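# Summary of structural features
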Amino acid sequence: MSNDVKVSVRNLTKCFGDLKVLDNISFDIKKGEFICVVGPTGCGKTTFLNLLTRLIPQTSGEILIDGEPADPKKHNISFVFQEPSAFSWLTTQENIEYGLRIKKMPEEYIKQQSDKVISLLGLDRFRDAYPHEMSVSMEQRVVIGRAFAMNPDLLLMDEPYGQMDIKMRFFLEDEVIKLWKATGATVLFITHNLEEAVYLAERVLVLSAKPATIKAQVPINIERPRKVSDPAFIEVRKQITDMIKWW
Ligand SMILES: Nc1ncnc2c1ncn2[C@@H]1O[C@H](COP(=O)(O)OP(=O)(O)OP(=O)(O)O)[C@@H](O)[C@H]1O
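Residues numbered from 1 in each chain as written. Predicted model: local features only at pLDDT ≥ 70, side-chain atom pairs only at ≥ 80, totals over all residues. Heavy atoms only, no water.

- Under the annotation held in an unreviewed UniProt entry, the protein carries the name ABC transporter ATP-binding protein and is attributed to Yanshouia hominis.

Encoded structure:
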């Protein structure tokens, strides 16, 4: 396995009784890569995430992180869901530092990471605010900051902007790219929104309907910051849309 591969998914299959949900999925994620996964409703994206976090066992196949079987005790996998999940009894800073404290990281490192993330997110004024004092989008930004601050081996994001309006989405998408660039995190981002996938990803994995297989892997070689009106952008989005018309 090449050195720059962070996560390797090999022949992953998942059945619930007679129902096959994932069928022989194989792909690699490079260190520091940003991958988006798109697929039809009910194709097994949640099952796929649950396997990656080792919440449920696979039927066959394997998931390797740095060449070793993925293990939550050894590897640091962070995730962000659609529903914001900041801890209500903690301030912004305490939320961002939470995971680092659980991991018993040195105090100096915790401070350095939270300062960096708070500054990247422009949340200085809200450092001491509690989630109930913030909007839903602000709370989600804190949760995303907490995930990046952990310096995870793999950051899984499941439709994190699903609830936001379009203007807020553009803002948050730019913000996540800023965090990704500054931290060098390896990100797997699930979305139903093809424009979002092309805007964010270095590579888009297109899943088929259930049982999910990888229908295509589309590299997105468009310079950042990307513009949705750029002919190259429109072309790739159209290419993926055509691919999934049979959903
Ligand atoms: N524990 C389980 N036992 C039996 N069947 C299950 C179980 N979990 C999921 N399934 C089935 O697996 C299929 C895929 O479900 P999953 O929730 O992974 O899809 P999804 O792609 O995340 O859906 P959505 O796009 O709506 O988020 C569904 O048919 C579901 O009924």
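## Some details on the sheet that holds strand S2 (residues 19-30)
- In spatial order, the strands read S2-S1-S4-S5; together these four strands make up an open sheet with antiparallel pairing. Since the sheet does not close on itself, it has two edges, and those belong to S2 and strand S5 (68-69), each with one partner.
- Sheet analysis places strand S1 (residues 5-16) next to S2, joined by eight bridges and oriented antiparallel. Note that in S2 the partner of Val 7 across the bridge is Ile 29. (Pairing = 2+ DSSP bridges. Helix = DSSP H or I, 4+ residues; strand = E, 2+ residues; numbered from the N terminus.)

## Quick notes on the UniProt feature "domain: ABC transporter" (unreviewed entry) in the protein
- Taking the UniProt record as the reference, the feature "domain: ABC transporter" (unreviewed entry) is found at residues 7-234.
- Here residues 7-234 runs as 33% helix and 26% strand, with 30 Å between its end C-alpha atoms. (UniProt positions renumbered as here; feature names shortened; annotations may be inferred.)

## Examining the packing of aromatic side chains
- Summed over all chains, the structure comprises eight aromatic pairs.
- Measuring from ring centre to ring centre gives 5.5 Å for Phe 34 and Trp 180, while their planes differ by 90°; the resulting arrangement is edge-to-face. Of the two residues, Phe 34 is situated in strand S3 (residues 34-38) and Trp 180 in helix H5 (residues 166-183); the sequence distance between them amounts to 146 residues.
- Since its relative accessible area comes to 0%, Phe 34 is described here as buried.
- Relative to Phe 189, the ring of Phe 34 lies with its centre 5.9 Å away and its plane at 35°, an arrangement referred to as tilted. Of the two residues, Phe 34 is situated in strand S3 and Phe 189 in strand S8 (residues 187-190); the sequence distance between them amounts to 155 residues.
- Taking NZ or CZ as reference, Arg 146 lies 4.5 Å from the ring centre of Phe 87, over its face. (Phe/Tyr/Trp six-rings, centres within 6.5 Å; stacked < 30°, edge-to-face > 60°. Buried < 20%, exposed > 50% of the residue type's maximum accessible area, 1.4 Å probe, protein only. Lys NZ or Arg CZ within 6 Å of the ring centre and 35° of its normal.)

## Details of the site of the ligand
- In the vicinity of the ligand, the contacting residues are Phe 16, Leu 19, Val 21, Thr 41, Gly 42, Cys 43, Gly 44, Lys 45, Thr 46, Thr 47, His 192 and Lys 210.
- Here Gly 44 contributes a backbone N or O atom positioned 2.7 Å from an oxygen atom of the ligand.
- Within the backbone of Lys 45, an N or O atom sits 2.8 Å from an oxygen atom of the ligand.
- When the ligand is considered free in solution it has 640 Å² of accessible area, and contact with the protein chains removes 56% of it.
- Secondary-structure elements contributing two or more residues to the shell around the ligand are S2 and helix H1 (45-52).
- When residues in the shell around the ligand are grouped by element, the largest group, three residues, is from H1.
- Its residues placed into classes, the shell around the ligand shows four nonpolar, six polar and two charged. (Near = heavy atom within 4 Å. Polar contact = N/O pair within 3.5 Å; in protein donor to acceptor, adjacent residues only side chain to side chain. Areas by Shrake-Rupley, 256 points an atom, 1.4 Å probe, with all protein chains shown as cover. Nonpolar A, V, L, I, M, F, W, Y, C, P; charged D, E, K, R; others polar.)

## Some remarks on the nonpolar core
- Membership of the largest hydrophobic core comes to 51 residues, with the highest contact counts inside it found for Phe 34, Phe 148, Val 176, Val 187 and Val 204.
- Looking at which element gives the most residues to this core, the answer is helix H4 (residues 136-149), with seven residues.
- Setting aside chain neighbours within four positions, we find Phe 148 in contact with Gln 113, Leu 155, Val 176, Leu 179, Trp 180, Thr 183, Ala 185 and Val 187.
- Core analysis: the next-biggest nonpolar cluster, separate from the first, contains 26 residues, Val 9, Leu 12, Ile 25 and Ile 190 among them. (Core = buried A, V, L, I, M, F, W, Y, C linked by side-chain atoms within 4.5 Å. Contact = heavy atoms within 4.5 Å.)

## Observations regarding the side chain of Ser 78
- Along the chain, the position of Ser 78 falls in strand S6 (residues 77-80).
- Relative accessible area serves as the criterion here: at 8%, Ser 78 is assigned to the buried category.
- Look past the residues within four positions of Ser 78 in its chain and what remains in contact with it is Ala 147, Met 150, Pro 152, Leu 154, Leu 155 and Leu 156.

## Examining the pattern of salt bridges
- As enumerated under the stated definition, the model contains 16 salt bridges in all.
- Here Glu 97 ties to Arg 101 by a salt bridge, and the two come within 2.8 Å at their closest N and O atoms. Of this pair, Glu 97 and Arg 101 are both found in helix H2 (residues 92-102), four residues apart, which corresponds to roughly one turn of the helix.
- Since its relative accessible area comes to 39%, Arg 101 is described here as partly exposed. (Salt bridge = Lys/Arg side-chain N within 4 Å of Asp/Glu carboxyl O.)

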